[in-house]
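Understanding the architecture of this molecule
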Amino acid sequence: MYKRIDHIGIAVRSITDALKVYRDGLGLTLVRVEVVADQCTRVAILAVGESRIELLEATAEDSPIGKFIAKRGEGLHHICFQVTNLVEEIARLKAAGLRLIDEAPRCGAEGRLVAFLHPSTAAGVLVELSQVSAQATNSSE
């Protein structure tokens, strides 16, 4: 079910400032910047080989990223694993008794289907599961 580590999400106060490090300093390739409106988050996606880094900037203070930065400051927000079938994986994890934030897939960046496991389930780490949808596959070609 798990294909690879898809990306690492990093909460930042300013994508513009963070790009000075990740793009300009480290030389990572900026793939795109987009807004995930229902999460009030602006996302900069940078390529790192077959994986990616997502820089996450709040567009509202009361958004999940805004609250995260207010409480913990900038830094590692989550790790994402790419799965082949998100609906099946959610059902499997739920049956195994793991605590989920999302019990059904929702739309994330790049039109992908995503769901999150609660950090209490994974030693304090927020874990995202992501499935590339047909729409996301077609839009990137």
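Here's a quick rundown of the structure. The shown structure was predicted, so the numbers you read here are calculated from the model rather than taken from an experiment.

1. Side note on the layout of surface pockets
Estimates place the volume of the largest pocket at around 630 Å³. The wall of the largest pocket is formed by 31 residues, among which Ile-65, His-77, His-78, Phe-116 and Leu-126 lie closest to the centre. The set of elements that each furnish at least two residues to the lining of the largest pocket consists of strand E3 (41-48), strand E4 (51-58), helix H2 (64-72), strand E5 (75-83), strand E6 (106-107), strand E7 (113-117) and strand E8 (127-131). The element best represented in the lining of the largest pocket is H2, accounting for 6 residues. The residue inventory of the lining of the largest pocket, partitioned by class, reads 15 nonpolar, 8 polar and 8 charged.

2. Some remarks on the pairing of E5
Pairing of strand E1 (residues 2-12) with E5 involves 8 bridges; the strand directions are antiparallel. If you follow Ala-11 over to E5, its bridge partner there is Gly-75. Sheet analysis places E5 next to E8, joined by 4 bridges and oriented parallel. Across the sheet, the residue bridging to Phe-81 is Leu-129, located in E8.

The rules behind each value
- Residues numbered from 1 in each chain as written.
- Predicted model: local features only at pLDDT ≥ 70, side-chain atom pairs only at ≥ 80, totals over all residues.
- Heavy atoms only, no water.
- 1 Å grid on protein atoms, 1.4 Å probe; cavity = no way out; pocket = protein on both sides within 12 Å on 5 of 7 lines; lining within 4 Å.
- Points joined across faces, edges and corners; volume = space filled by probe spheres on them.
- Helix = DSSP H or I, 4+ residues; strand = E, 2+ residues; numbered from the N terminus.
- Nonpolar A, V, L, I, M, F, W, Y, C, P; charged D, E, K, R; others polar.
- Pairing = 2+ DSSP bridges.

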